[in-house]
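Breakdown of the fold
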Amino acid sequence: MVRDHAGRLAGALVSLLGDFAAAEDLVQDAVEIALKRWPVEGIPDRPDAWLFTVAKRRGLDVLRRQENYRAKLALLEPPEPSPRDDRLRLIFTCCHPALAREAQIALTLRVVCGLTTAQIAAAFLASESAVSQRITRAKRKITDARIPYRIPRDDELPERLTEVLTVIYLLFNEGYLSSTAERAHSRDLVDDAEWLTALLHGLLPNEPEVAGLLALIRLHRARTAARFNPNLVLLPDQDRTLWDHAAIAEATALLTRTARRHHAPGPYQLQAAIAACHSEAADWSRTDWPQIVVLYDMLLTLQPSPVTCLHRTIALSYVRGTATALTELDALAGDLDTYPLFHATRAQFLRELNRPAEAHAADERAAQLTTNPAQLDLLHERLAN
Amino acid sequence: MKYVLMFIETEQFAKDFAALEPAEKEEAYRRVYQWFEDHADKITNRGSKLQGAETATTVRLDGSGVLTTDGPFIEGKEVVSGFTEIDVEDLDEALRMVKTWPACPVIEIRPVAQM
């Protein structure tokens, strides 16, 4: 909840002051005061107005001697919602390609989502001082190198939007993977990623890849309840009655609407379409494998990647048989020899082809390569059988 | 906002350039001159093309004594081969300008400090 208001406040302040760093400090101050006081005093009736008032008071306090700011700050009011609000400019500034990827991520979480440095540090298992330094350096670069606070021009928008979506996709992946490991201290980054994508989709409703990423994240989230029991449960073994079928229907509808309007789907739409195929199947055996292979082929023409090839071979094994799939998988050995999922998949294929000794060796290799506790549990279970 | 563009040559670029026919070299230079012309209103100091890295001398003043060594201070495969100064609105405008640069493959954009 703080997240939504913090983004708006940051947007309004940067717009007004024209000083990214000063605005961001005020927001962070206000957020930290809120996080301290709301749990004790209760959430105010109008949290947005509360935050705006605190920021304004703090700003006037801190900047008392700077008449210029004082006059401008006096104008600060909670903004009317607008279709392309200041937050869009904020996102593009935080994800500017002149900033290092880690700085883009930290800055987006902090400025757009209103997370504290401590929360960001906890999510990425980094030290607070490292995160704080990264943010400070990034803010200094925005000011000193004059990175503009604006929505990119139309001819630059696709490229910049790709950058923004990459940052959100990384957040989503980080959250999705870490959720299989130690969950206790990790913040739900998937939640942040979904929130950011939904925000972006609201601001840029006609961008097909934004819709694609939103559908992708929502399709994965819809399966969360079935993914843990409490250990990681792989897709074939998940109890599909636990899936959120309403959310799946909604995400699939979004994807279909988007596909109808745009002819050539991008990588996020394709990944979402693959997730949709899985989500719509009543059980694993009734998955539309031929369709999934086609989608992987399309994805590979846009983004060739050995990991994508690996996933494709799994689908291929249901369409053209395990022996064919194994041949294609083995062709990836050069690229993926240190990738645990490669060996785990290979083990699965070898078991199906009744070559248990080789399967065992492949599982052992996979277990040597992974440190993820959930994956290790699964592999050890297999090796024991 | 003023920025200095530092044009950086790679070994591969230098090799490829050396292998060009004279007419192709001339055409490559022509494109560079054209770029300077196209952006003349933004260029505040045309800077210079520098001589090869092997002609550089580096003086280090941070050691126990003043030490002068032969060669460029970066022992890298990438060396600054020229520079120019521009005056543009912001980093995005500098980026747009640099994207049309027709020669060497690496460019560092450094804002000029305001004193």
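Residues numbered from 1 in each chain as written. Chains lettered and ligands numbered in written order. Predicted model: local features only at pLDDT ≥ 70, side-chain atom pairs only at ≥ 80, totals over all residues. Heavy atoms only, no water.

Things to note about the overall build of chain B
Defined as follows: Only runs of H or I of at least four residues qualify as helices and only runs of E of at least two qualify as strands under DSSP, and these elements are numbered from the N terminus. What makes two residues a contact is simply this: any of their non-hydrogen atoms within 4.5 Å. The method behind every accessible area is Shrake-Rupley, applied with a 1.4 Å probe, and residues are considered shielded solely by the protein chains displayed.
When its secondary structure is counted, chain B shows 3 helices and 6 strands. For chain B, contacts bridging at least 24 residues in sequence account for 76% of all contacts bridging at least 6. Accessible area of chain B: about 7700 Å², with a carbon and sulfur share of 53%.

Examining the overall build of chain A
Quick reminder of the rule: For the radius of gyration, the atom set is restricted to C-alpha positions; the globular benchmark scales as 2.2 Å times the number of residues to the power 0.38. As used throughout, the charge tally considers Lys and Arg to be positive and Asp and Glu to be negative, leaving His and the chain termini uncounted. To locate a charge, the coordinates of NZ of Lys, CZ of Arg, CG of Asp or CD of Glu are taken.
Secondary structure summary: chain A contains 21 helices and 0 strands in total. The C-alpha radius of gyration of chain A comes to 24 Å, within 12% of the 21 Å expected for a compact globule of 385 residues. Along the first, second and third principal axes, the C-alpha atoms of chain A reach 80 × 45 × 40 Å. Pairs at least 24 apart in sequence give 65% of the contacts found in chain A among residues at least 6 apart. Roughly 18400 Å² of accessible area belongs to chain A as shown, and the carbon and sulfur atoms make up 53% of that amount. With 44 positive and 49 negative side-chain charges, chain A shows a separation of 5 Å between the mean positions of the two kinds.

Thoughts on helix H17 (residues 322–330) of chain A
All names here are of chain A. Keep this limit in mind: Accessibility here uses a 1.4 Å probe with only protein chains present; expressed as a share of the type maximum, an area under 20% marks a residue as buried, one over 50% as exposed, and anything in between as partly exposed. By definition, the arc is the one covered by directions from the helix axis to the C-beta atoms.
Within H17 the residues assigned to the buried category are Thr322, Ala325, Leu326 and Leu329. Down the axis, H17 shows its buried residues gathered within 100° of arc, on one side only. Elements in contact with the buried residues of H17: helix H16 (306–320), helix H18 (333–336) and helix H19 (340–352).

Looking at the pattern of salt bridges
All names here are of chain A. Put simply, the rule reads: Put simply, a salt bridge is a Lys or Arg side-chain nitrogen that is within 4 Å of an Asp or Glu carboxyl oxygen.
Under the counting rule described, the total for this entry stands at 32 salt bridges over all chains. For aspartate 363, the salt bridge identified is with arginine 351, shortest N-O distance 2.9 Å. In this pair, aspartate 363 is assigned in helix H20 (residues 356–369) and arginine 351 in helix H19, connecting sequence segments 12 residues apart. Across the pair arginine 355 and glutamate 358 runs a salt bridge, and its minimum N-O distance is 2.8 Å. Overlapping salt bridges bring together Glu24, Asp25, Arg110 and Lys139 as one network.

Quick notes on the sheet that holds strand E5 (residues 78–87) of chain B
All names here are of chain B. The criterion, for reference: Two strands qualify as a pair provided that DSSP identifies no fewer than 2 bridges between them. Axis angles are defined between N-to-C directions and span 0 to 180 degrees, where every axis is a line fitted to C-alpha atoms and, for a helix, only to the segment in contact.
The sheet built from 4 strands is open, its strands ordered E2-E5-E1-E6 with antiparallel pairing. Two strands in the sheet have a free side with no partner beyond their single neighbour: strand E2 (43–49) and strand E6 (106–111). Direction aside, neighbouring strands of the sheet carry axes that sit 20° apart on average. Across 4 bridges, the pairing between E2 and E5 is antiparallel. Considered in E5, the bridge of isoleucine 43 is made with isoleucine 86. Of the strands in this sheet, strand E1 (2–10), E2 and E5 touch helix H2 (residues 22–38), which is tilted by about 160° from E2. Here helix H3 (residues 91–99) sits on the sheet in contact with E1, E2, E5 and E6, set at roughly 155° to E6.

Digging into the interface of chain B and chain A
Note the cut-off: Joining two parts hides part of their accessible area as seen by a 1.4 Å probe, and the buried area is that hidden amount summed over both.
The interface is formed by 11 residues belonging to chain B together with 12 residues belonging to chain A. Between chain B and chain A lies a buried interface of about 990 Å² when both sides are counted; carbon and sulfur atoms form 43% of it. If you sort the residues of chain B by the area they bury against chain A, B:Leu91, B:Asp92 and B:Arg96 come out on top, with a joint share of 50%. Applying the counting rule to chain B against chain A returns 5 salt bridges.

What about the packing of aromatic side chains?
Test applied: Ring pairs are drawn from Phe, Tyr and Trp, using the six-membered ring of Trp, whenever the two centres fall within 6.5 Å, and their geometry is named by plane angle: stacked under 30 degrees, edge-to-face over 60, tilted for the rest. Charge over a ring is defined by NZ of Lys or CZ of Arg lying within 6 Å of the ring centre and within 35 degrees of the ring normal.
Within the structure shown, the criterion is met by 14 aromatic pairs over all chains. Residues B:Trp35 and B:Phe36 carry aromatic rings whose centres are separated by 5.2 Å and whose planes lie at 90° to one another, so their mutual orientation is edge-to-face. When sorted by exposure, B:Trp35 lands in the same class as B:Phe36, which is buried. Between B:Trp35 and B:Trp101, the aromatic rings sit 4.9 Å apart at their centres with planes inclined by 85°, giving edge-to-face as the arrangement. Of this pair, B:Trp35 sits in helix H2 while B:Trp101 sits in the loop between H3 and E6, placing them 66 residues apart in sequence. Aromatic ring contacts, followed pair by pair, group B:Phe7, B:Trp35, B:Phe36 and B:Trp101 into a single cluster. It is A:Arg223 that lies over the ring of A:Trp243; its NZ or CZ is 5.6 Å from the centre.

Notes on the pairing of E5(B)
Here 9 bridges tie E1(B) to E5(B), and the two strands are oriented antiparallel to one another. Bridged to B:Phe7 within E5(B) is B:Gly82.

Here we look at the environment of B:Asp92
The residue B:Asp92 is located in helix H3 in this model. With relative accessibility at 2%, the residue B:Asp92 sits in the buried group. With residues up to four places along the chain from it excluded, the contact list for B:Asp92 reads A:His96, A:Pro148, A:Arg150, A:Glu156 and A:Arg160.

Re the nonpolar core
We apply this condition: Each nonpolar core is a collection of buried residues, namely Ala, Val, Leu, Ile, Met, Phe, Trp, Tyr and Cys, held together in the definition by side-chain atoms within 4.5 Å.
Counting 117 residues, the largest nonpolar core has A:Leu9, A:Leu13, A:Leu107 and A:Leu200 as the members making the most contacts within it. Of all hydrophobic cores here, the second largest spans 12 residues; its members include A:Ala325, A:Leu336, A:Leu350 and A:Ala359.

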